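In case you want the letters, here they are:
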Amino acid sequence: MQDPIQGRAESGSSVSVHFVNNVLAAAASYIEEDPETARDVLAELGAFLSHRLRGPRDISPTEELEHVGVYLRLEQARFPGRIEVELPAARDLPSARILPGDVQAPLSQALGRWLAQKPGTVRVALRARDDALDLQLDRPDEPGEAGERLRIPLGVATAGSVT
Amino acid sequence: MSSGLAILAVDDEPRALTDIKRLLETSASVERVATATSAKEALVYLSGGRYDALFLDVAMPEIEGMALARLLRRFADPPAVVFLTGHPDAAVEAFEVQALDFLVKPVTRERLESALTRVEQHVRGAEAAKAGPTGDGAEATVTGPDVVAVDNPKGGGKRLVRLETISFAQANGDYARIVCDDGRFLLRTPLSQLEKDWGASGFARVHRAYLVNLKHAVELRAQLNGTAVLIMRDDTEIPVARRNVAALRRRLHA
C-alpha cells in the first residue's frame, strides 16, 4: 500500500512557474522606487522556494502555515490592496504530519480563481477545525455575493496540539 | 514610421505594469506609453487613439489577453500584439493568434529591445504596404510571426523555433527535418509547403531535398558537372541541383 504522504508528494511539491515569474516581475518593479520592498519580496520568494524545493518530507501544520503566510505576502506584493488575509494562530492548529504545499497549493488555486474572476478585493480566511483547515474566500466589498468554502484536511492527525 | 512607437501595456498586475511601463519609457524606440489594467480599459484606449503595439498579459480578469488578441484581429488596422506573461506555456497559443512576439516576465532589457525592433519592422512594413508600389520604394512585406511550432522531442508539447535560427530544411517523405541553432526537429509539413511559407523570409529551394536559409550561407562553390555546393556557416555542405544553380546565382548576385 502506498504511503499517503509519498502519494501526495509529486503534486504537492510542484511550484507554479507562472507564480514565480510574476513575483519576480513584481520585485523588479520595486527596485527603483522602493529597493527595501524589492529586497523583501526577493527574500520571501527565496523562503517560498526553499520550503518547496527541499523535496517531500514530513512537516508540521505550523511550518506550512508560515509558508502560507509567505505565499500570501508575495501575492499581496503582486496585487497591492487586493488581498485581505486572516490566518489561524499556531496554537490552534492540530498536530499532524503533512507535506510542503498541502495547504498552500489548494489555497493558491482558489485564490487565483477569485483574483481572475473580476477586479476588487478578495478576503482569504483560514481557520482551524479539528483535523482540517477551513478556507473561506469572499469579496468584502460585495457582501451579497456568495463566498467559497473549502476544507483542507491536514494529513495524518496525531494526538496533542502544536505549541 | 515618422517618430517613436506608441505602446499600450495591458496587465491586471499593477506592479508588473509599473515595471514594463518604466522599461518602455526608457527605451529609445518608444515615444509614448499608455497603461491599462484590463482588456476593457484597453479597448477604451484603442478607440481613442492609435497604438503601434499592445504589450499584453495573458491571464486577466473577465476578458483574457488571448481573447483580446483575437478580437483585435477583426480591426481593419490592428496594432501588433506582443504577449508579456508569466505563462511560458502560452507561447504556442500566442503565435496561433498571430502575436508578433512572446516575452516571459520579468523581461530583460535586451529581450524587450528585440521585441521593439520587431514592432518597428512590422510598422515600417505596414506603412510600405499602405503606400503601395508607387510609394517610397520600401519593401512592402509586412513582417509576420516568423516562428514555427515543431514537435518537442523532450517531454511532448510544442517547441517554437524562429525561422532566423533555421539553417536548412531537408525533405523526409511527407515531413521535413529542420536543422537550426538549437538542434534538429521534425516538422509535419512537406518541403514544398515550407518553400511557399518561408520563401519571403529568405529561404530558397536549392535541391529537390533541400530548402536553405540563404542568410546562413557563406559560400557558393561551383562543381565541374554543372551543379554546385552551398557552404553554410557551420560548414555543412548543401547540394545545389543543376537546374537551380542559375536562379541561385541571380538571387545571390554571385
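Asks: I'm lost on the overall build of chain A in this one. Help?
Replies: A tally of helices and strands in chain A yields five helices and six strands. A buried classification covers 30% of the 163 residues belonging to chain A. For chain A, long-range pairs separated by at least 24 residues make up 68% of all intrachain contacts whose partners lie at least 6 apart in sequence.

Asks: What is the right way to read the sheet that holds strand 14 (residues 228–232) of chain B from this model?
Replies: In a beta sheet, neighbouring strands pair by backbone hydrogen bonds and run either parallel or antiparallel. Residues and elements named next belong to chain B. Across the sheet, three strands lie side by side as 13-14-15; this open sheet has antiparallel pairing. Single-partner strands in this sheet number two, and they are strand 13 (217–222) and strand 15 (237–240). Neighbour-to-neighbour, the strand axes of the sheet open up by a mean angle of 25 degrees, direction not taken into account. Here strand 13 runs beside strand 14; their pairing, made up of five bridges, is antiparallel.

Asks: Help me out: how do you make sense of the interface of chain A and chain B in this one?
Replies: Interface extent is often summarised as the accessible area lost during association of the parts. Counting from both sides, the interface comprises 19 residues of chain A and, opposite them, 17 residues of chain B. Every element with two or more residues in the side of chain A that touches chain B is listed here: helix 2 (17–30), helix 4 (61–78) and helix 5 (104–117) of chain A. Among the elements that make up the side of chain A that touches chain B, the one with the highest residue count is helix 2 of chain A (ten residues).

Asks: I keep staring at helix 3 (residues 65–72) of chain B and nothing clicks. Help me out?
Replies: Three or four residues apart is the spacing at which side chains of an α-helix point the same way, because the helix has 3.6 residues per turn. Residues and elements named next belong to chain B. Among the residues of helix 3, those classed as buried are Gly-65, Met-66, Leu-68, Ala-69 and Leu-72. Taken around the axis of helix 3, the buried residues stretch over an arc of 160 degrees, which confines them to a single face. Contact partners of the buried residues in helix 3: helix 2 (39–48), strand 3 (53–56), strand 4 (80–85) and helix 4 (91–96).

Asks: Before we go on, may I ask you to explain the sheet that holds strand 5 (residues 148–153) of chain A in this structure?
Replies: Residues and elements named next belong to chain A. Strand order in the open sheet formed by four strands is 1-3-4-5, with mixed pairing between adjacent strands. The sheet is open, and its two edges are formed by strand 1 (83–86) and strand 5, each paired on a single side. For this sheet the average axis-to-axis angle between neighbouring strands, irrespective of direction, equals 20 degrees. Across six bridges, the pairing between strand 4 (residues 132–138) and strand 5 is antiparallel. Considered in strand 5, the bridge of Gln-136 is made with Arg-149. Each of strand 1 and strand 3 (122–129) touches helix 4; the most contacted strand, strand 1, lies at about 165 degrees to it. Across the sheet, helix 5 is in contact with strand 3, strand 4 and strand 5; its angle to strand 4 comes to roughly 10 degrees.

Asks: Which parts of the structure should I look at to understand unusual backbone geometry?
Replies: Where the residue is not glycine, phi is negative for most of them; where a peptide bond is considered, it is trans in most cases. Across the junction of Lys-105 of chain B and Pro-106 of chain B, the peptide omega takes the value -15 degrees, indicating a cis bond. For Pro-106 of chain B, the position within the fold is in the loop between strand 5 (101–104) and helix 5 (109–131). The backbone phi angle of Asp-130 of chain A is positive, close to 55 degrees, even though this residue is not glycine. Looking at the element boundaries, Asp-130 of chain A is found in the loop between strand 3 and strand 4. The exposure class assigned to Asp-130 of chain A is exposed, which follows from the 11 C-beta atoms found within 10 Å. One non-glycine residue with positive phi stands out, namely Asp-235 of chain B, at about 75 degrees. The topology assignment puts Asp-235 of chain B in the loop between strand 14 and strand 15.

Asks: Whenever I open this one, the nonpolar core confuses me. Can you help?
Replies: Ile-7, Leu-54, Leu-56, Val-81, Val-82, Phe-83 and Val-212 of chain B are the most contacted members of the largest nonpolar core, which totals 106 residues. Counting residues per element, this core draws most heavily on helix 4 of chain A, which supplies seven residues. When neighbours within four sequence positions are excluded, Val-212 of chain B is seen to be in contact with Phe-168, Phe-203, Ala-204, Val-206, Ala-217, Leu-230 and Ile-238 of chain B.

Asks: Would you explain the pairing of strand 3 of chain A in this entry?
Replies: Residues and elements named next belong to chain A. The two faces of strand 3 differ: Val-122, Val-124, Leu-126 and Ala-128 on one face are buried, but Arg-123, Ala-125, Arg-127 and Arg-129 on the other face are not. Note: strand 1 against strand 3, four bridges, orientation parallel. Residue Val-85 lies in a different strand from strand 3, and its bridge partner there is Val-124. In terms of strand pairing, strand 3 meets strand 4 through seven bridges, oriented antiparallel. The residue bridging Arg-129 from the neighbouring strand is Ala-132, located in strand 4. Linking strand 3 to strand 4, which pair antiparallel, is a turn of two residues; within it Asp-130 sits at a positive phi near 55 degrees.

Asks: Please explain the packing of helix 2 of chain A against helix 4 of chain A as it appears in this structure.
Replies: To describe two helices that pack against each other, one gives the angle between their axes and the distance between the axes. Residues and elements named next belong to chain A. Where helix 2 meets helix 4, the closest approach of the two axes is 9 Å, and the angle between their N-to-C directions is 55 degrees. Our classification of the angle between helix 2 and helix 4 gives oblique. As for the relative orientation of helix 2 and helix 4, their crossing is left-handed in sense. Touching Asn-22, Val-23 and Ala-26 of helix 2 are Leu-74, Ala-77 and Arg-78, all from helix 4.

Asks: Looking at this structure, how should I read the environment of Pro-94 of chain A?
Replies: All names here are of chain A. With respect to the helices and strands, the residue Pro-94 is situated in strand 2 (residues 94–97). We classify Pro-94 as buried; it has 20 C-beta atoms within 10 Å. Along the primary structure Pro-94 and Thr-62 are separated by 32 residues, whereas in three dimensions their C-alpha atoms are 9.0 Å apart.

About the cut-offs
- Residues numbered from 1 in each chain as written.
- Chains lettered and ligands numbered in written order.
- Predicted model: local features only at pLDDT ≥ 70, side-chain atom pairs only at ≥ 80, totals over all residues.
- Helix = DSSP H or I, 4+ residues; strand = E, 2+ residues; numbered from the N terminus.
- Buried ≥ 20, exposed ≤ 12 C-beta atoms within 10 Å, placed from the backbone.
- Contact = placed C-beta atoms within 7 Å.
- Pairing = 2+ DSSP bridges.
- Axes fitted to C-alpha atoms, helices over the stretch in contact; angles between N-to-C directions.
- Arc of directions from axis to C-beta.
- Core = buried A, V, L, I, M, F, W, Y, C linked by C-beta atoms within 7 Å.
- Parallel < 35°, antiparallel > 145°, perpendicular 65-115°, else oblique.
- Left-handed = near helix turned anticlockwise from the far one by under 90°.

Without other data, these values stay purely geometric and don't point to any function.
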